[in-house]
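Okay, here's what each chain looks like letter by letter:
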Amino acid sequence: MALALYRKYRPRTFAEVIGQEHVTEPLIQALKSGRLNHAYLFSGPRGCGKTTSARVMARSLNCAKGPTPEPCGECESCKALAPDGSGSIDVIEIDAASHGGVDDARDLRERAFFAPAISRYKIYIIDEAHMVSSAGFNALLKLVEEPPDYVKFIFATTEPEKVLGTIRSRTHHYPFRLMPPGVLRPYLEELCGREGVAVEPLVLPLVVRAGGGSARDSLSVLDQLIAGSGPAGVTYARAVALLGVTDNALIDEMIDALTAGDGAAAFGAIDRVAEAGHDSRRYANDLLERLRDLIILRQVPDAAAKGLVDVPEEQLVRMQTQAAQLGPATLSRCADIVANGLVEMRGATSPRLLLELIAARMLLPAADESGTALLQRLERLETGFVPGAVARPAVDAPVRPQAEPGQAQRDTGPAQVAAHDAPSAAAPAATGREAARAAAASAAAHEKAPESARAAQPAPAAEPARVATSAPASAPLAGTDDATAVRRSWDEIVRLVGRTSKKAAAFAREAVVRDIDGNTLVLLFKHKIHANGVENDPAPLMEAVHQVLGGTWQLRCEVGGDPRAASRAAAAAPASAPPRNTAPKAAPSRAPAPAGDDWPTPARVGGAAPAAPAQPTGRRAPAADDGPPLEEPPYDPEYDGPPPRTIEGFDPGDEPTDEIVDAAVARQTTEQAAVESLRRSFNLEKLD
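First things first, this report covers the structure right here in the doc.

For the rest of this paragraph, the subject is the pattern of salt bridges. Considering all chains together, one arrives at 29 salt bridges under this definition. Of the charged contacts in the structure, one is a salt bridge between Glu-558 and Arg-556, with a shortest N-O distance of 3.5 Å. It is possible to trace a salt-bridge network through shared partners that takes in Arg-514, Asp-517, Arg-556 and Glu-558.

Another point: a nonpolar patch on the surface. A contiguous nonpolar patch, built from Leu-678, Phe-682 and Leu-684 and spanning about 310 Å² of accessible area, is present on the exposed surface. In this fold, Leu-684 is placed in the segment after α30 (670-682). Its relative accessible area of 44% is what places Leu-684 among the partly exposed residues.

Tracing the chain through its elements places Glu-159 in the loop between β4 (151-157) and α7 (165-168). Sequence-wise, Glu-159 and Met-131 are 28 residues apart; in three dimensions their C-alpha atoms are separated by 9.2 Å.

With respect to topology, 3 strands assemble into an open sheet ordered β6-β7-β8, the strand pairing being mixed. Since the sheet does not close on itself, it has two edges, and those belong to β6 (512-517) and β8 (554-559), each with one partner. Averaged over all pairs of adjacent strands, the angle between their axes in this sheet comes to 25°, without regard to strand direction. Across 5 bridges, the pairing between β6 and strand β7 (residues 520-525) is antiparallel. Across the sheet, the residue bridging to Asp-517 is Thr-520, located in β7. Where helix α26 (residues 528-536) meets the sheet, its contacts fall on β7 and β8, and the angle it forms with β8 comes to roughly 165°.

Inspection of every chain in the model, using the stated rule, returns 3 cavities of 30 Å³ or more. Quantified by volume, the largest cavity comes out at close to 210 Å³. Lining the largest cavity we find 18 residues, and of these Leu-206, Arg-209, Asn-248, Arg-290 and Gln-315 sit closest to its centre. Among the secondary structure elements, those contributing two or more residues to the lining of the largest cavity are α9 (203-211), α12 (248-260), α14 (280-299) and α15 (313-325). With 4 residues, the top contributor of residues to the lining of the largest cavity is α14. Here the residues of the lining of the largest cavity are counted per class, giving 9 nonpolar, 3 polar and 6 charged.

Glancing now at unusual backbone geometry. Positive phi outside glycine occurs at Glu-128, with the angle close to 50°. Overall, Glu-128 belongs to the partly exposed group, its relative accessible area being 27%.

So, on to helix α10 (residues 215-227). Its 13 residues give α10 an end-to-end C-alpha distance of 18 Å, which sits within 8% of 18 Å, the value for a rise of 1.5 Å per residue. Within α10, the full set of buried residues consists of Ala-215, Asp-217, Ser-218, Leu-219, Val-221, Leu-222, Leu-225 and Ile-226. On its buried face, α10 sits against α1 (5-8), α8 (181-195), α9 and α11 (236-243).

This part takes up the packing of helix α5 (residues 102-112) against helix α6 (residues 134-145). Their axes nearest at 7 Å, the elements α5 and α6 cross at an angle of 15°. Compared by their axis directions, α5 and α6 come out roughly parallel. Handedness of the crossing formed by α5 with α6: right-handed. Residues Val-102, Ala-105, Leu-108, Arg-109 and Ala-112 of α5 form the contact with α6, whose own contacting residues are Ala-135, Gly-136, Ala-139, Leu-140 and Leu-143.

What follows concerns the nonpolar core. Here is a general trend for soluble globular proteins: nonpolar side chains tend to be buried in one another's company. In this structure, Met-254, Tyr-283, Leu-287, Leu-291 and Met-362 are the most contacted members of the largest nonpolar core, which totals 38 residues. Taken together, the elements giving at least two residues each to this core come down to α12, α13 (263-275), α14, α15, α16 (328-344) and α17 (351-363). The element contributing the most residues to this core is α14, with 7 residues. Setting aside anything within four residues of it in sequence, one finds Tyr-283 in contact with Thr-246, Leu-250, Ile-251, Met-254, Ala-269, Val-273 and Leu-355.

Before going further, it helps to spend a moment on the pairing of β7. Across the 6 residues that make up β7, a large majority, 6, are buried. Side chains Thr-520, Val-522 and Leu-524 project from β7 onto one buried face, and the interleaved Leu-521, Leu-523 and Phe-525 project onto a second face that is buried too. With antiparallel pairing between neighbouring strands as the criterion, β6 and β7 make up a hairpin whose turn holds 2 residues, including Gly-518 at a positive phi of roughly 70°.

Moving on, we come to the sheet that holds strand β3 (residues 122-127). By way of backbone hydrogen bonds, the strands of a sheet pair with one another, either parallel or antiparallel. With parallel pairing, the 5 strands of this open sheet are ordered in space as β2-β3-β4-β1-β5. Where the open sheet ends on each side, the last strands, each with one partner, are β2 (91-95) and β5 (172-175). On average, each strand axis in the sheet is inclined to that of its neighbour by 15°, with strand direction left out of account. Pairing of strand β1 (residues 39-43) with β4, which is carried by 5 bridges, proceeds in the parallel orientation. Paired with Phe-42 across the two strands is Ala-156, which belongs to β4. Along the sheet, helix α2 (residues 21-33) contacts β1 and β5; its crossing angle with β5, the most-contacted strand, is approximately 145°. Of the strands in this sheet, β1, β2, β3 and β4 are in contact with helix α3 (residues 50-62), which crosses β3 at around 180°.

What follows deals with the state of the cysteines. Under the definition given, this model contains 0 disulfides. Cys-75 forms no disulfide, and the closest cysteine sulfur to it belongs to Cys-78, at a distance of 3.2 Å.

About the thresholds
- Every chain begins its residue count from 1, and numbering advances along the sequence as written.
- Residues qualify for local features only when their pLDDT is at least 70, as the model is predicted, and side-chain atom pairs are given and counted only at 80 or more; totals for whole chains, interfaces and linings, by contrast, use all residues.
- Values shown for side chains rest on all heavy atoms present in the structure; no hydrogens or waters enter the calculation.
- By definition, a salt bridge exists where a carboxyl oxygen of Asp or Glu is found within 4 Å of a side-chain nitrogen of Lys or Arg.
- Residues form patches when they are more than 30% accessible in relative terms and have no salt bridge. Like charges link within 9 Å. Nonpolar side chains (Val, Leu, Ile, Met, Phe, Trp, Tyr) link within 5 Å.
- Note on areas: these come from Shrake-Rupley sampling with a 1.4 Å probe, and a residue is covered only by the protein chains present in the view.
- Helix and strand definitions follow DSSP, with helices as H or I runs of at least four residues and strands as E runs of at least two, each counted in order from the N terminus.
- Only protein chains enter the accessibility calculation, which uses a 1.4 Å probe; a residue whose area is less than 20% of its type maximum is buried, one above 50% is exposed, and one in between is partly exposed.
- Only strands joined by at least two bridges in the DSSP assignment are considered to pair.
- Think of each axis as a best-fit line through the C-alpha atoms, taken over the contacting stretch in the case of a helix, with angles from 0 to 180 degrees between the N-to-C directions.
- Only heavy atoms matter for contacts: two residues are in contact if any of them lie within 4.5 Å across the pair.
- For cavity detection a 1 Å grid was placed over the protein atoms alone, and a set of points counts as a cavity when a 1.4 Å probe fits there but cannot get out; an open set counts as a pocket when protein lies on both sides within 12 Å along at least five of seven lines, with lining residues being those that have an atom within 4 Å of a point.
- Grid points are joined across faces, edges and corners, and a volume is the space filled by probe spheres set on the points.
- Residues are grouped as follows: Ala, Val, Leu, Ile, Met, Phe, Trp, Tyr, Cys and Pro are nonpolar; Asp, Glu, Lys and Arg are charged; all remaining types, including Gly, are polar.
- Helix span, as expected, comes to 1.5 Å for every residue beyond the first.
- Convention used here: angles under 35 degrees read as roughly parallel, angles over 145 as roughly antiparallel, angles from 65 to 115 as roughly perpendicular, and any remaining angle as oblique.
- Less than a right angle of anticlockwise turn of the near helix away from the far helix marks a crossing as left-handed, whereas a clockwise turn marks it as right-handed.
- Residue types Ala, Val, Leu, Ile, Met, Phe, Trp, Tyr and Cys, when buried and joined through side-chain atoms within 4.5 Å, form a set referred to as a nonpolar core.
- Note on terminology: disulfide denotes any pair of cysteine sulfur atoms within 2.5 Å.

So far we have only geometry, and geometry alone does not tell us how the molecule works.
Below you can see the structure in the form of C-alpha cells.
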C-alpha cells in the first residue's frame, strides 16, 4: 500500500522545509548556538508545515549528535522520529481537540516530572492548541512557566489569538505562512519527476490554485490526479473534470466577447458553461481571477517574470493580447461588476440568471450612471470602439487638428458630400440628440444637393486679413471639415464644461466655432462680454476640448455678428456661399430671407424715419426702406456688426438695444427725461 504524497515526502530536516525560510533559519541558528527555549508556539494556516516542523525540532533536539540542525538519521532517536518511523516514547504528541480538558492538563502535569526514558529531552507536541480550554491552560500555566530542564513544549495552532495570553507570553512565537505559487509549483514538478508521472503544463497551475498555497492540500490534489491518470499521464481535460474548475477556453471566450462588445458570444459562453455542468459561481470566480491577471499584466508587462502571474507561456501570450485590447477603465469596471455579482450570488436560487445579468452590465456601460461607466465610455470614444462593428468610419474618430500621415483625403466637394457622405458625416459619436439633429440635416442636404452643386464652383478667393496670416490665399478652406466636426461636438463640449463651471458653460454656449487655424480654435461671439468671460477663464473650456477632441489646443475669441447666423452660414459653406472671387462689398440679391433669420440690422430711430448715417466699416450699409427683408448676407469674419448707437445718457459699457425709440427721447439725458415726466404728470417745475 502506497503512502500518501504528503506523508511520503514529509521533510526530515529544516533544510527540506520549503517556503518557510523566515522560520527555519532562526531555528537552525538557535540549534547551532545552543540558545534553546523551553516552549515554542508555531502558528499559521493549515498544511503549511507547523506539525512537521515540530517533529523536525524534536528530532534535532534528541539526536545523538545534537542538538543539531542536521540530524544524523542513524541513531535510535532519529530512526524512531523519521516520517516512516515508529515514534519515540519521549516525544508525546497530544491532539488538543480531544484532550483539551482540565483533567488532561492535570495528567500531563503529573507525567511531565518523570525524566525521559532514553532521549535527552521529554518533548510535548500539543497540536491544535487553541482547542485547550481555559481551565486546561490555567492548569498548565505553572508547568509551562517553570518546567524541568529536560521538558520542552511545542504548541501548534491555526488560531494563536485563542491561546491564553499568559501561555503565549512564555513561548517563542514563529508564524508560518502559505506558500507562494513560484515556490510550490517547482516543488510539485520535482515530485512528479520522482514519481515518474507525465503531467501536462496546464495542470500544475490548476493544482496550485486548488491547493490555495497549502503544501499538504496541493499534494493531496496532485495525489488524486496521479491516482486517476492513465498511460498518458495527467491530462488537462481530466484535471478540469475532477477539480471542477472552468476551462480556459470558456474564460477566453467571455473575454473576447467583452473585447468586441459581442453580446451573442457572451451569452453563448454562459450557455456552454451551463451545458458543461460548471457551477456559475465558480465560473464567475475564475472570470474575476482572469480580470485580475489582465489588470496586472496591463500595468506590469513583466508580471510573469516577477511572479505576480503564474500561468504557462502559451496562455501568457494570449492573456497579454487580451490585456492590450481591453483598456484599464473597462477592466476595472468589469472586475467591480463581477466582484459585486459574486456577493449577490450567495444563497441565490438562480445563479445562472445572475451570471447573465453580470454579463449584461459589463456589455452596457451606457445603462450605468456611475463614474466607472463614464470612464469606460470615454475610453471607447478615445479608441474609436464601436460594439459589434468591424471597422469604424473615419468621421467617427476623435477630431484632431491635423490629419495623420497616410490618412485618406476626404472629399470636400459639396455635391459629393451631400449626395454620398452626408449620412456618415452627420453621425457624431456623442449623443442620441445630436444623431437626430444630424439626421434632419442630412435630409435637408439631400433636398438642396442640386442647387448646392450649381452654386458651388471652385474658384480662388481672397481670404480675410485675419485668416490670411495663417493660411495661404490659395488654400481651399483647409479647416472647413475639421471646424464642421467640432461644431457637431460643441454641445458635448459645453456639457463637459458645465460639470466643472456653470459660468464658463454659459459663456461657451454663446460661442460658434468659426474656423480652426492650425491648432488654434477660433470662436465667434455676438457680444464682447461673452468673449471676455471665456478669455478670462479658459481652463474649463480647454479641458473639455481636450477630453472630446484630444490633442493640445489654443483659443482665440472674436466678436462680430450673430454667432447663430454665422453658424448656419458656416454649415452651409461652401455650397451656399457666393464664389470666393466676388467682391465682399457686392450688394446681396433681394430674395426673401430664410425663416427664423435673426441677422442683426441697424436700429432705426423714430420709427420709419431714415437711419442715421452709418460710420464707415468697410461694408455697404443695408437699405433703410421698409421693403421686403434682405437675404441673409454671406459670412464675413471682418464684419463686427452694425455701428453702435451713441445715445446720450447711456453708459458706453451697456449693450446697444435694437428697440425703436422716439427721436426726442433719444436726445435727452436720463435726468431730463425724468424732469419732463414729472412736469407732464404732476405739473411740477425744476428749481435751479
